[in-house]
Amino acid sequence: MTTVRGARARARIEITAAIKDEARAQLAAEGAAKLSLRAVARELGMVSSALYRYFPSRDDLLTALIVDAYDAVGAAAEQAAADSAGQRPLDRWTAVCRAVRVWAVAHPHEYALIYGSPVPGYTAPRDTVAPAARVGLALIEIVRLAHTGEGVALPPLPDALRPEAGRIAADIAPDLPPALAVALVAAWSQLFGLVSFEVFGQFHRVVEDRDAFFTAAARRLGQDVGLLPRG
């Protein structure tokens, strides 16, 4: 009986992976708004009722794809942070940013799913929150270690922003000064703005050496959050 259960579990994993792969192919061809469980089932030679045993609705399938995409880019960021351990904080920050860009350029349709236009009629559940935070947490940890180690240059914090800065810090990094928390959120959003401009073609006929441009811009973002360029 154990052998039978194991075979069933492996079959379920394989079929789930095949469903996701076909759904990603549909994302690339038609976009997330046109994702259809019936179309996925048809391409896989399955009846719709069988596919519903794996994903009861289109939204369930979308959520699985979204979580996978966030986990993939988050894993790339975390690996870059691990690989750069021992380097200066600004270099580690830049390495993480570059890893995010490399993943996004290699997976533009999955990137568009998580950072592009919202899918009509879809509301992301809380299951997506933790995966979505992985890149941000990798960057926060680099700044945290710099703050407790060699130190950071605290960014200016306008008086009008202090109440909001305190709230942001309490939510994302209660052990860091509010000025750093605000700068981190700003840099995080600008990072994905840079990546989105490249992935969605906004740099066409504007930026030619995009690798050098991105690296310089990412380092600038790191300096904006207080990471020091020199010892």
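Now for a look at the structure at hand.

So, how was this worked out
- Residues numbered from 1 in each chain as written.
- Predicted model: local features only at pLDDT ≥ 70, side-chain atom pairs only at ≥ 80, totals over all residues.
- Heavy atoms only, no water.
- Helix = DSSP H or I, 4+ residues; strand = E, 2+ residues; numbered from the N terminus.
- Buried < 20%, exposed > 50% of the residue type's maximum accessible area, 1.4 Å probe, protein only.
- Lys, Arg positive; Asp, Glu negative; His and termini not counted.
- Salt bridge = Lys/Arg side-chain N within 4 Å of Asp/Glu carboxyl O.
- Contact = heavy atoms within 4.5 Å.
- Patch = residues over 30% accessible without salt bridge, like charges linked within 9 Å, V, L, I, M, F, W, Y side chains within 5 Å.
- Areas by Shrake-Rupley, 256 points an atom, 1.4 Å probe, with all protein chains shown as cover.
- Axes fitted to C-alpha atoms, helices over the stretch in contact; angles between N-to-C directions.
- Parallel < 35°, antiparallel > 145°, perpendicular 65-115°, else oblique.
- Left-handed = near helix turned anticlockwise from the far one by under 90°.
- Core = buried A, V, L, I, M, F, W, Y, C linked by side-chain atoms within 4.5 Å.

## So, the side chain of E22
- Among the secondary structure elements, E22 is positioned in helix α1 (residues 2-30).
- An unpaired buried charge is present at E22: no salt bridge exists, and R42, the closest side chain of opposite charge, is 8.1 Å distant.
- Excluding residues within four positions of it along the chain, E22 makes contact with V40, E43 and L44.

## As for a nonpolar patch on the surface
- Together, I172, V185 and W188 line one region of the surface with nonpolar side chains, adding up to about 210 Å² of accessible area.
- Looking at where V185 falls in the secondary structure, it is placed in helix α10 (residues 178-199).
- Given a relative accessible area of 32%, V185 falls into the partly exposed group.

## Quick notes on the packing of helix α5 (residues 89-106) against helix α11 (residues 210-224)
- Running from N to C, α5 and α11 cross one another at 135 degrees; their axes reach a closest spacing of 9 Å. The angle between the axes of α5 and α11 places the two elements in the oblique class. Helix-helix and strand crossings are classified by hand; for α5 and α11 the assignment is right-handed. Along the contact surface, α5 presents L90, D91, W93, T94, C97, R98 and R101, while α11 presents R210, D211, F214, T215, A218, R219, L221, G222 and Q223.

## Looking at the nonpolar core
- Counting 61 residues, the largest nonpolar core has L61, W93, L191 and L227 as the members making the most contacts within it.
- Mapped by element, the contributors of at least two residues to this core are α1, α2 (37-44), α4 (58-83), α5, α6 (108-115), α8 (134-148), α10 and α11.
- Here this core takes eleven residues from α4, the largest share from any one element.
- When neighbours within four sequence positions are excluded, L61 is seen to be in contact with I19, A23, L35, L37, V40 and F55.
- In this structure, L157, A169, A179 and A181 belong to the second largest nonpolar core, which totals seven residues.

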